[in-house]
Structure formats: C-alpha cells, structure tokens
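Structural description and commentary
Here's the letter readout for the chains.
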Amino acid sequence: MYRIVTKEALKPTVILYEIEAPMVAKKAQPGQFIILRVDENGERIPITIHDYDREKGTVTIIVQTIGATTEKLSHKQQGDFLQDFVGPLGVPTHTEGKKKVCVVGGGVGCAIAYPVLKKFHDCGAEVHAVVGFKNKDVVILEEKFKAVSSVLKVCTDDGSYGQKGLVTEALKELLDAGHQYDEIFAIGPMVMMKFVSKTTEPYGIPTTVSMSPIMIDGTGMCGGCRLTVGGETKFACVDGPDFDGHKVDWDLAVKRNQMYAEFEKHKHEEVCNLFRQEVK
Amino acid sequence: MANMRLDKNPMPAQDPNVRNKNFDEVALGYTEEMAIDEAKRCLNCKNPKCVSGCPVNVRIPEFITRVAEGDFDGAFQIITSTNSLPAICGRVCPQENQCEGQCIRGIKGESVGIGRLERFVADYHNAHGHQGGAPAKPESNGHKVAVVGSGPAGLTCAGDLARKGYDVTVYEALHLAGGVLVYGIPEFRLPKAIVQKEVKRLEYFGVKVVTNTVVGRTITIDELMEEEGFEAVFVGSGAGLPMFMNIPGENLKGVFSANEFLTRINLMKAYREDSDTPIMDLKGKKVAVVGGGNVAMDAARCSKRLGAEVWVVYRRGMEELPARHEEVEHAIEEGIIFKTLNNPIAINGDENGAVASMTCIEMELGEPDASGRRRPIEKVGSEFDLPVDAVIMSLGTSPNPLIKSTTKGLEVNKKGGIIVNEDGLTSRPGVYAGGDAVTGAATVILAMGAGKQAAKAIDEALSK
C-alpha cells in the first residue's frame, strides 16, 4: 500500500498527490510514468510523473478528475493509501545536448511538461514555453514555468487569461519570429500534440511528443499501448512514451484511444452516483 | 490386484452449453472413489517410464500407490517432495506428452489418469489441510537469493530454495503474484484461488513476495547483487512482448494481442460488474482468433463466454494445431468454429477506425519445413473477407529486452532469449535464468523444470 503524503487541489478538478514510494522515487526521471490502482477492483492507469523527492522517498503526480478511476482517486484523502503504485516506467526523455528548445504543454499535460522543461533548463538549454488552458480558472503551475523559461506564453481558449487562442498559434508566432529551436517537446491531449507536430513539420524542427495510450501492465507484456510510428508498430510502454511527432499515425492513435469511451462514461457516472449516495 | 479396465475414469465436467456462458472451472475433479479406482489401474512398474517423462520427476507410482490405499495426505507429501505446485500441474500440464505419454497402460488402452490423480491429491489437501499439524519450517542457512518474476519458473525455484533454508525474495512487476498463471490462463482452466493458495504455501516456507516491482526499472539485477546483498539471482521473467503479423490494419480498434485480451479478463476480471477495467462488449459480435496454440484456445473460449461467435483462424490444418488435444476438444464442444488452412492478410476498418472484416487467404500444406511440420502455402486467388468485429492475435511472443539491457554481462541469443548452460547459469556469474525468458513461449511444467534445475545449481554453488 502506498500512502498519500500530500493532497492539494490546484483547481477543483486538478489535484496534486504526493505518494510515498521510495523505490520509485529513487529511480524516477523526467518523462517517465507510473501505473496506479486506487483499490482492489481498480483499473491500472498510467500517469506521467510530475516530480520526485529521492530523500523523502515520494513521487508527485498531478491528475485531472475525468473518469471513474480518477474520480475514486479524488475521494482519497491525505494519509489514505493507494492499492498499487509501480514504476518508474518508460524511457526517460532525452534532454542532453540541446541549446534551445520550446516546450508546449496543454491543460493538465503541463504537469508533465514541467519536469521535462526543468531538466532541459538544468542541462543548460535555453527554454521557451507555450502553455495552453481552457480558461483562466484552470491555469496551473504558471510561477514554476516562469522560473525556468526565458520566454513563457500562456494561452487560453476563451482569452480569459494571457493570449487568446490555441498553443499552435502562439508556437507559430515564435517560429515566425525566427527562433531556431533544436527541438520542440509537446505534452498534452493527443489532438493538441497532433497539431503541434503539423505546425512544426514545415519548419523541419524535430518534434517529440509524450504519448499516453491505453495501457495495462506497462512492461511490454500486453501490447495494448501500441502505436503506428513511421509505419512500424511501437509499444509506448517500452519504446516510449516519447516519439517523433512527425512520424506518429495520429488518426489511428486518436481513434484507438476512444476504444473504451462509452464504458468510461458509464463507469464514471456509476462511481459519481455511488459517492453521492454516500454523502446522503 | 490391479484394475485392468482399459479406459481412464472420465473427468466429470460442466456441460459444454452451460460452461460456455460462465467462467467457472470446466473440469470438476475426481471423487475419492473415482481416484482410488483410477489409482488401482497403475501397475507400479519397476522401471517407471512416467517418472522420467516428468520434467520435475514426480515419484508417480509411489504417490499413486498411496492414493489406492486411501492415504491421500501421504500421496501429497510424495508429490510435493519434488513438485511445489501440484494443484496447478494437475490442471495445466500436457500429460499426454509427458508422464501419461510414457505410461505402459497406454499401449493397450488408455494411460493411467496421472494428471487427474495429481489434481485430486492437491485439491484434497487444500480442502482438508495438513494431517498431523503444520509441516516443519526450514531452518535459515543465512544465504539470500532473489527471484525475478513470480510465474511457474520463479515460484518453483523460490519454493525449492526456501525449503532448503534460503532467504528468498521474489520480485513481481504486476500487483499480484503468479505471472502467466494469473494473467494468462483463464479461471475456467485454473481457478485463481488455487494459484493464491500455492503462493501462500510458499510464503509459509519463508518466501517473500514483493509485487509492483519491475526489475530493470524499479531496481536492477546489478543493484540486487551489489547493494541488496543477494548472492544469486534467478530470472524467470517470462515470455515478453506479443508478436503481430505486420499486416495492414493491425492497430485498428478491436484488434488485441491475446495477452491484452486475457489480462483484462483473468488478471483484471473485466467480465465482472464490479471491475473498473473495461473490455470490448462481445455480446452477439463475431471474433476471429488468429493462431492455434493453447493461448489461442484460451482467447477463443473466453470470447465465447463473453457472448461472441468465435472463429479460430489457423494457417495449417486441424492435425497441426499446436494446442493440447484436450483444449481443442473442449473448444469444439463449446461451439468454437475452426477455420484451419486459412491465413489473414489484412484487417479492414470502418470509418471510426474499428474492425469491420478480415481478409484471409486459403492455404494448402506442402513439404515439411525445418520444424518438421508441413509448410503452409497460399492458394493463389483464394482471398475472401471474413466479417468480424474483433481480432485477437495469438502468435507467440518475443523476449522483453528490459533485463538484458539493464544487466551487465548478460548474453542473449539471436532471438533475444537469455543464454544459459545446463544448470541454468547465464553468462553473468551468480545470475541464473529459466522458463520462457530462456526458451521463448513454452509450457508451465517446462518452466517449472528449469526453475527446479536452477534451484539445485544455486544450492550447490552457495553451499560450497
């Protein structure tokens, strides 16, 4: 069992959990993920690592409450325990040897973008960041991003904060202003990563995306997380989660991720109803 | 006087049309009377061929003699002196190729039902407990051994070493111990409660099981030996990554590896209402299972239980199916349709990226190939579309590169399997390996045999 050391709601549906998991904390690197189960009947879900404290033996994740499992998780309190927490999984992001990079984060994906961005910064790269959110109410981690990036563009879909519009538009402005990046790194919803890749392709800038497909074991055994990349089948859990955004077959990846959408919706409603009954 | 009836006592089983709608165990097991009657068919040969046919050399005539005498606990002690997991072996071993394949009674009539008797003895023990108090726990010899993976190879190695007094820790990547016994083999062939009982029995003898630990990521073999003080490591990490055919459409929605499909059902219990893990709704749907091994039979029979119409598509003929005869027979009884001598060449999707059909080509058999089986050859112009909603690829696995890439000096062969000598020792001193991680996908009992061999070698090396 794995104790929740800290629980902090960054926004009503965006929650930070610091989990006691010393063996995972000892090995974790930016870009890697963990798999957790909330309870005995729980689903195994992959979550990318936000931060880790090797001395304290904790790993921090930021999770958006979006489905049945994350809903159950959101009802756990500080001091409660998670059933399972395994990792670190996947290949760490390659952050060495870059002079200038731009990190693009979308929504809760910014939670994962941050440690990668910080690692690029710590490895000596000049870092620009473009982060996008639905509206002012869900903007997270702005101060943290500001501290390690020389240019930070915050975008909101409705213009209620920062620049109005999509991250791809803000990214294009930077590219058109003549910034020469060695690499663009995008983390967020699949559709966002797809369009970031489409945006950078004409500029010929290497673009890495952090994929989050459906997954069970996370060690290569099930093959559920497979993607078509450059015409070949790749497993996100052992070959990734980072891939060349210009080579990913996006349409297939987006559709595959919809596999259990109906089930998810029903299960989420079921769980929400359960918690409502408990409150009564 | 031996019972000279020619046929085995039949195994009581659930009716095919009832069991193909539930996940309860198919075979129900012998009663005491049936077991004693069957045991009396054994001739107690002076030179028992059955024992040499068993990868872990269970003293078969001795235990069967005890069963015939009604001394089931005595029989259990004899079996477990060489086999740590009898309730499992009695259910999933291919006895027809091993002990029973060598049985003298099989020359004229049917062999003695050795597997059924082994299962009976183990189940009797599990139901009645140990006679005459708990068995003695071994005295610690102070040596530490780590085991990677809690499947049949790892559990056997751990059990044998723990009984000799070793301090054994088993590391498991998943949240539950058992490896393929819990994620791969379905409940209706091997109830998971039985696996957990066997694991508990090993824990009683002092084996520590640490779940949620991926060796190669969470901790490496180098760290286990250099920092954690393990004097030897046994790698029984299993078969690895599922293979695909590299045909168009394999990554469409509704195409699964057998590993994924079976893991959702067996480990995650996705067919149950109270499980949070999803699985494709197969009620009234059509499913093609590609492949002809035991795993393909498991996937097909699970699909049937989820309400699908199921075709097994295999490129050779019925005679060449690599699955156990009994599994094929059970599948046919349950209404699985075999489309042998057919090979898929493409999977076709609809506008939502979901499977709509599978294009197959008919095959015929030519001359025997390197494996000794007749080579399948495509019949030109025989392509046809099979309308299906889901495809389950059951084509075997390729080794997981994780342990090799994170362990200094560990050599693998061209196919990626870990190279070992006859003792199970790898190219890295102190590191042993066995089971599918060495051989590629094989059987539970072969993995157990390898675990047993390595345990013996580790004991010899460390007790010097």
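Report follows, based on the coordinates. (Residues numbered from 1 in each chain as written. Chains lettered and ligands numbered in written order. Predicted model: local features only at pLDDT ≥ 70, side-chain atom pairs only at ≥ 80, totals over all residues. Heavy atoms only, no water.)

With that out of the way, let us pick up the overall build of chain B. Each helix and strand counted, chain B has 18 helices and 16 strands in total. For chain B, the C-alpha radius of gyration of 23 Å lies close to 23 Å, the compact-globule estimate for 464 residues. Counting across all 464 residues of chain B, residues that qualify as buried make up 58%. Residue pairs in contact within chain B that sit at least 24 positions apart in sequence constitute 69% of those at least 6 positions apart. Total accessible area on chain B is roughly 18500 Å²; 52% of this is exposed by carbon and sulfur atoms. Looking at chain B, you have 52 positive and 61 negative side-chain charges, and the mean spots of the two groups are 2 Å apart. (Helix = DSSP H or I, 4+ residues; strand = E, 2+ residues; numbered from the N terminus. Rg over C-alpha atoms; globule rule 2.2 N^0.38 Å. Buried < 20%, exposed > 50% of the residue type's maximum accessible area, 1.4 Å probe, protein only. Contact = heavy atoms within 4.5 Å. Areas by Shrake-Rupley, 256 points an atom, 1.4 Å probe, with all protein chains shown as cover. Lys, Arg positive; Asp, Glu negative; His and termini not counted. Charge placed at Lys NZ, Arg CZ, Asp CG, Glu CD.)

With that settled, consider the overall build of chain A. Of regular secondary structure, chain A possesses nine helices and 17 strands. Expected size for 280 residues packed as a compact globule is a radius of gyration near 19 Å; at 18 Å, chain A falls within 12% of this value. When its C-alpha atoms are laid out on the principal axes, chain A stretches across 55 × 40 × 40 Å. Residues counted as buried form 57% of the 280 residues belonging to chain A. Here the analysis covers contacts within chain A between residues at least 6 apart in sequence; of these, 64% occur between residues at least 24 apart.

The subject of this paragraph is the environment of B:Glu320. Residues and elements named next belong to chain B. Within the secondary structure, Glu320 is located in the loop between β8 (309–314) and α15 (325–333). Each C-alpha atom of the pair Glu320 and Gly154 lies 31 Å from the other, and the pair is 166 residues apart in sequence. Look past the residues within four positions of Glu320 in its chain and what remains in contact with it is Tyr314, Leu365 and Arg373.

On to the sheet that holds strand β4 (residues 45–48) of chain A. Residue and element names in this part refer to chain A. If you walk across this open sheet you meet the three strands as β4-β3-β8, and the pairing is antiparallel. The open sheet terminates on both sides in strands that have one partner only, identified here as β4 and β8 (84–89). For this sheet, the mean angle separating the axes of adjacent strands, direction not counted, is 25°. (Pairing = 2+ DSSP bridges. Axes fitted to C-alpha atoms, helices over the stretch in contact; angles between N-to-C directions.)

All names here are of chain B. Sheet architecture is open: five strands sit in the order β3-β2-β1-β4-β16, paired in parallel fashion. Sheet topology places β3 (208–210) and β16 (431–433) at the edges, where each strand pairs with a single neighbour. Taken pair by pair, the neighbouring strands of this sheet meet at an average axis angle of 20°, ignoring direction. Two elements, strand β1 (residues 144–148) and strand β2 (residues 167–171), share five bridges in a ladder whose sense is parallel. Residue Val147 lies in a different strand from β2, and its bridge partner there is Val170. The sheet contacts of helix α18 (residues 444–462) involve β1, β4 (232–235) and β16, and relative to β4 the element is tilted by about 170°.

All right, on to the pairing of strand β10 (residues 126–133) of chain A then. Both faces of the sheet carry side chains from a regular strand, because those side chains alternate between them. Residues and elements named next belong to chain A. For β10, the buried fraction is high: seven of the eight residues fall into the buried class. In terms of strand pairing, strand β9 (residues 100–106) meets β10 through seven bridges, oriented parallel. Each residue of the ladder has a partner; that of Lys100, found in β10, is Glu126. Following the chain from β9 across helix α3 (residues 110–122) to the adjacent parallel β10, one finds a crossover that is right-handed. Bridging between β10 and strand β11 (residues 151–156) involves six bridges; their strand directions are parallel. Paired with Val131 across the two strands is Val154, which belongs to β11. Read from β10 through helix α4 (residues 142–148) to β11, the crossover connection turns out right-handed. (Right-handed = clockwise from strand over helix to strand, strands pointing away.)

What follows is about the packing of aromatic side chains. Residue and element names in this part refer to chain B. Here the structure, examined in full by the defined rule, presents twelve aromatic pairs over all chains. Here Tyr171 and Phe230 contribute two aromatic rings whose centre-to-centre distance is 6.3 Å and whose plane-to-plane angle is 85°, an arrangement assigned as edge-to-face. Residue Tyr171 is located in strand β2, and its partner Phe230 is located in the loop between α12 (221–226) and β4; the two are separated by 59 residues in the primary sequence. For the pair shown, Tyr171 and Phe230 are each scored as buried. (Phe/Tyr/Trp six-rings, centres within 6.5 Å; stacked < 30°, edge-to-face > 60°.)

Pairing is possible between side chains of opposite charge, provided their charged atoms come close. All names here are of chain B. All told, the structure shown has 49 salt bridges over all chains when counted by the stated rule. Two residues, Arg91 and Asp123, come together in a salt bridge whose shortest N-O distance is 2.8 Å. Remark: Asp123 occurs in helix α8 (residues 114–128) and Arg91 occurs in helix α6 (residues 86–92); sequence separation between them is 32 residues. Accessibility expressed as a relative area gives 23% for Asp123, which makes it partly exposed. (Salt bridge = Lys/Arg side-chain N within 4 Å of Asp/Glu carboxyl O.)

As a further point, take the side chain of B:Lys304. Examined against the element boundaries, B:Lys304 turns out to sit in helix α14 (residues 294–305). Not counting residues within four places of it along the chain, the set of residues in contact with B:Lys304 comprises B:Asn20, B:Val310, B:Glu334, B:Gly335 and B:Ile336.

With that out of the way, let us pick up the interface of chain B and chain A. At the interface, 44 residues of chain B touch 44 residues of chain A. For the salt bridge of A:Lys26 with B:Glu227, the shortest nitrogen-to-oxygen distance reads 3.5 Å. The interface formed by chain B and chain A contains 20 residue pairs in polar contact (both at pLDDT 80 or more). Elements represented by at least two residues in the side of chain B that touches chain A include exactly β5 (241–242), β6 (255–257) and α13 (258–267) of chain B. With four residues, the single largest contributor to the side of chain B that touches chain A is α13(B). A per-class count over the side of chain B that touches chain A returns 15 nonpolar, 17 polar and twelve charged. (Polar contact = N/O pair within 3.5 Å; in protein donor to acceptor, adjacent residues only side chain to side chain. Nonpolar A, V, L, I, M, F, W, Y, C, P; charged D, E, K, R; others polar.)

The omega torsion across A:Gly87 and A:Pro88 is -10°, close enough to zero to call that bond cis. Checked against the element boundaries, A:Pro88 lands in strand β8. Here the phi dihedral of B:Asn212 falls at roughly 55°; this positive angle occurs in a residue that is not glycine. Along the polypeptide, B:Asn212 turns up in the loop between β3 and α12. You will see that B:Leu341, though not glycine, has its phi angle at about 55°, which is positive. Looking at the element boundaries, B:Leu341 is found in the loop between β9 (337–340) and β10 (342–349). A residue is classified by how much of its surface remains accessible, and B:Leu341, at 29% relative accessible area, is partly exposed.

Turning to a nonpolar patch on the surface, a few remarks are in order. A surface patch of nonpolar side chains, about 400 Å² in accessible area, is lined by B:Met4, B:Leu43, B:Ile104 and B:Ile107. Here B:Ile107 falls in the exposed class, since its relative accessible area comes to 70%. (Patch = residues over 30% accessible without salt bridge, like charges linked within 9 Å, V, L, I, M, F, W, Y side chains within 5 Å.)

What follows concerns the nonpolar core. B:Ile60, B:Phe63, B:Ile64, B:Val67, B:Ile88, B:Leu117 and B:Ile458 are the most contacted members of the largest nonpolar core, which totals 75 residues. If you tally residues by element for this core, the top one is α18(B), at nine residues. The contacts of B:Val67, once residues within four sequence positions are left out, are B:Ala35, B:Ile36, B:Ala39, B:Phe72, B:Ala75, B:Leu117 and B:Val121. One finds A:Val229, A:Cys237, B:Phe244 and B:Leu252 within the second-largest nonpolar core, a separate group that totals 55 residues. (Core = buried A, V, L, I, M, F, W, Y, C linked by side-chain atoms within 4.5 Å.)

Once that is clear, we can look at empty space enclosed by the protein. Rolled over the atoms, a probe sized like a water molecule indicates the empty space that remains. Residue and element names in this part refer to chain B. Counted according to the given criterion, the structure contains four cavities of 30 Å³ or more. Space inside the largest cavity adds up to approximately 110 Å³. In terms of lining residues, the largest cavity is bounded by 14 residues, among which Cys54, Val58, Cys93, Cys99 and Glu118 are the most central. Considering every element that reaches the lining of the largest cavity, the biggest residue donor is α8, with three residues. For the lining of the largest cavity, a count of residues per class yields nine nonpolar, four polar and one charged. Of the voids in this model, the second largest cavity is the one considered here, and its volume is about 70 Å³. Secondary-structure elements contributing two or more residues to the lining of the second largest cavity are β6 and α13. (1 Å grid on protein atoms, 1.4 Å probe; cavity = no way out; pocket = protein on both sides within 12 Å on 5 of 7 lines; lining within 4 Å. Points joined across faces, edges and corners; volume = space filled by probe spheres on them.)

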